[in-house]
Amino acid sequence: MNDKIAAHVRDIPRSGIRDFFEVVQSMHDVISLGIGEPDFATPWHIREAALFSLEKGRTGYTSNLGLPRLREAISSYVGRHFGVDYHAPSEILVSVGVSEAIDIALRALLNPGDEVLYHEPCYVSYAPSVTLAHGVPVAVPVREQDRFMLRADELEKRITPKSKILLLNFPTNPTGGTMPRQELEAIAEVCRRHDLIVLSDEIYAELTYDDAEHVSIASLPGMRERTVFLHGLSKGWAMTGFRIGYACAPAPLVEAMMKIHQYAILCAPIMGQDAAIEALEHGEPAVKHMHEKYELRRNYIAAALNDMGLRCPVPRGAFYVFPEIRSTGLTSREFSLRLLEEQKVAVVPGPAFGPSGEGFVRCSYATSLEQIKIAMERMAGFVAGLQKRAA
Amino acid sequence: METLLRLLQQDSTAPREELARQLNLSVQEVNQRIAGLEQEGVIRGYQAIVDKERFDKNTVTAMIEVRITPERGGGFDRIAQRIAKFDQVVSCYLMSGGYDLMVVVQGGSLREVASFVSEKLSTLEPVISTATHFRLKSYKENGALLVGETPDDRLPVSP
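Computed from a prediction, not measured in an experiment: that's the story for all the values here.

(A) Region of the structure containing the overall build of chain B. Looking only at helices and strands, chain B has six helices and six strands in total. N-terminal to C-terminal, the α/β element order of chain B is α-α-α-α-β-α-β-β-α-β-β-β. Against the 2.2 N^0.38 benchmark of 15 Å for 159 residues, chain B shows a C-alpha radius of gyration of 21 Å, more extended than a compact globule. Counting only C-alpha atoms and orienting by the principal axes, one finds that chain B spans roughly 65 × 40 × 30 Å.

So, in structure tokens, the structure goes:
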């Protein structure tokens, strides 16, 4: 049967995270720092709104672009928090998570062979999504010494006449990296000069710490017209299972994305959309509450990792820390597997997020402080044991 | 400071090292701040949150609405303080609306609470009337849900 599978699908490698998942799942009593979703259940008032929506019998399709009231709520939220205004009837599309929005944006924009630049280590779906849309993924490695920011000179080096899209994700999964305004302005300048379209996945925007300002590239001069702003409710509002994301972009592009969305998906589920309206209109205190929890855990986990001798500059976004494990003499995969076998703590090897993740592991702090504490104790024991054996 | 207070309100038994790490402070700084809050009277004490139904099935809690005649000069304060001093009274609040004081009373039996109301509370001269409501079941105590949600069933590793 394998010869029947389309070549560009067959050639996509299995996700490294899936491999690791299977090992973890076969074990008992593992403390997992490998989870890329909030540990909080969706705030009650949002769940309650979803229940109310079901009670009222709201169980049908919605318009392809999404409920008009939700698009109005998105327009108002994005205007207020990101400083970019989008026309709700024509410039906003509600998708099934940001993942779908990225997929349809790529498919709407790419001709075969067009190149898509993205910073790496990055979320696992970017390169495969580009390949599936018949584009060519071009990784731009980012470095820990730059706090995992994308550097304009590194980006520009990899631009060719085929370059069409730059895919950004700040704050970044898996590094927690963020982009200060000045660095982002330099990237915007490169995009304008080389006429690149930007897909900006800002799903972790609400989870920015140390009073760092989150800046959307869409808000910079001359960028709104070349940017697809991508966001959703999954992370900041702890609504992963509701599957609600959205894309904001100039009308012709939204129209093109809609052509794919309407035939492939039809619409995002109405229950999730109703919940999203409640989340956007009344969810800010709950988001703030979770933000505080994440920030405190981040402080704890970064201090603990540094104390045990794993270099870990304190990241300013998302809910991940990305410590360097080279000092242990192990590869990321060896480190993760042995930590799992010897101490029953799961972290994700950095290369699951691209080859430039080698030498690092991703630890998620979307887990209770109690669990984090035990995990850090076990990990410290593991690292100390390695050093002893090496000495 | 606000964050430290919130953390203590959630779990006042949290080790000081743990608080310090979360707040990017030294243990000494955390100790100083807590001592300061205690001295200022912001922190009035530390207690365990108890699910009383599991501990003693006979414990009775009642919320009593009390209407009183305010005194010239003293208002409600003097009589409220008198009521609050009874050991049986767990909490006592001045309220807006149809009655004046909400008095939360705890006792070892129904009879004990009833006799407190009839013998102590109602007999105070400024008390015009009382309405006693007995607690039947607790669902949430001091911010802690007593009937929990399903345990964490997320996938153990996800992107």
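(B) Unusual backbone geometry, seen in detail. All names here are of chain A. Of note, the amide linkage connecting E120 to P121 takes the cis form, showing an omega dihedral of 10°. Residue position: P121 is located in the loop between β3 (115-120) and α7 (126-132). The linkage connecting F170 with the following residue, P171, adopts the cis geometry, with an omega of -10°. Summarising the element assignment, P171 is placed in the loop between β5 (163-168) and α9 (181-193). Not every positive phi belongs to a glycine, and H134 is a case in point at roughly 65°.

(C) Seen up close, the sheet that holds strand β12 (residues 361-364) of chain A. All names here are of chain A. Across the sheet, which stays open at both edges, the three strands sit in the order β9-β12-β11 with antiparallel pairing between neighbours. Strands at the two margins of the open sheet, each flanked by one partner only, are β9 (320-321) and β11 (348-349). Two strands pair when backbone bridges link them, and β11 and β12 are joined in this way by two bridges, in the antiparallel orientation. Along β12, the bridge assignment pairs V348 with R362.

(D) Focus on the packing of helix α4 (residues 68-82) of chain A against helix α11 (residues 270-282) of chain A. Residue and element names in this part refer to chain A. One can describe the packing of α4 onto α11 by two numbers: an axis separation of 9 Å at closest approach and a directional angle of 30°. As the angle between them shows, α4 and α11 are arranged roughly parallel. Viewed along their axes, α4 and α11 form a crossing whose handedness is left-handed. For the pair α4 and α11, the contacting residues are R69, L70, A73, I74 and Y77 in the first and Q273, A276, I277, L280 and E281 in the second. For the contact of α4 with α11, the class distribution of residues is seven nonpolar, one polar and two charged.

(E) Structural context of the nonpolar core. By size, the foremost hydrophobic cluster in this structure holds 128 residues, and its most contacted members are A:A105, A:A247 and A:I301. At eight residues, the largest contribution of residues to this core is made by helix α12 (residues 284-307) of chain A. Apart from residues lying up to four places away in sequence, A:I301 is in contact with A:V321, A:C363, A:Y365, A:I372 and A:M376. Judged by nonpolar contacts, the second largest core, of 14 residues, contains B:I64, B:A80, B:V113 and B:V117.

(F) Local environment of the pairing of strand β8 (residues 245-248) of chain A. Residues and elements named next belong to chain A. Burial along β8 is two-sided: G245 and A247 facing one way and Y246 and C248 facing the other are all buried. Examined bridge by bridge, strand β2 (residues 92-95) and β8 share four bridges and lie antiparallel to one another. Each bridged residue has a counterpart across the sheet, and for L93 the counterpart in β8 is A247. The pairing of strand β7 (residues 227-232) with β8 spans four bridges and is classified as antiparallel. In the strand pairing of β8, H231 is matched with Y246.

(G) How the structure looks around the packing of helix α6 (residues 97-109) of chain A against helix α10 (residues 251-264) of chain A. Residue and element names in this part refer to chain A. In contact at an axis separation of 9 Å, α6 and α10 are set at 110° when each is read in the N-to-C sense. Between α6 and α10, the crossing angle belongs to the class labelled roughly perpendicular. For α6 against α10, the interelement crossing comes out right-handed. Mapping the contact onto sequence places I104, A105, R107 and A108 in α6 and L253, A256, M257, I260 and H261 in α10.

(H) Examining the interface of chain A and chain B more closely. Across the contact, 24 residues belong to chain A and 14 residues belong to chain B. Elements that contribute at least two residues to the side of chain A that touches chain B include exactly α2 (16-25) and α12 of chain A. Considering each element in turn, the side of chain A that touches chain B owes the most residues, six residues, to α12(A). Its residues placed into classes, the side of chain A that touches chain B shows 15 nonpolar, five polar and four charged.

The rules behind these values
The residue numbers shown here count from 1 along each chain, following its written sequence. All chains are assigned letters beginning at A, and all ligands numbers beginning at 1, according to the order in which they are written. At least 70 in pLDDT is required for a residue's local features to be given in this predicted model, at least 80 for side-chain atom pairs to be given and counted, and no such filter applies to totals for whole chains, interfaces and linings, which use all residues. Secondary structure is summarised from DSSP: a helix means a run of H or I of at least four residues, a strand means a run of E of at least two, and numbering begins at the N terminus for each. For this measure, only C-alpha atoms enter the radius of gyration; the expected value for a globule follows 2.2 Å times N^0.38, where N is the number of residues. Think of it this way: DSSP has to see at least two bridges between two strands before they count as a pair. Fitted lines through C-alpha atoms serve as axes, helices being fitted only where they are in contact, and the angles separating the N-to-C directions of these axes extend from 0 to 180 degrees. Each angle is binned into one of four classes, with values under 35 degrees roughly parallel, values over 145 roughly antiparallel, values of 65 to 115 roughly perpendicular, and all other values oblique. In this scheme the crossing of two helices becomes right-handed for a clockwise turn of the near helix relative to the far one and left-handed for an anticlockwise turn of less than a right angle. Our contact criterion uses C-beta atoms placed from the backbone: two residues qualify when those atoms are within 7 Å. Under the scheme applied here, ten amino acids are nonpolar (Ala, Val, Leu, Ile, Met, Phe, Trp, Tyr, Cys and Pro), four are charged (Asp, Glu, Lys and Arg), and all others, including Gly, are polar. Any nonpolar core is a set of buried residues, restricted to Ala, Val, Leu, Ile, Met, Phe, Trp, Tyr and Cys, that join up through C-beta atoms within 7 Å. Counts of 20 or more other C-beta atoms within 10 Å of a residue's own C-beta define buried residues, counts of 12 or fewer define exposed ones, and intermediate counts define partly exposed ones; C-beta atoms are placed from the backbone.

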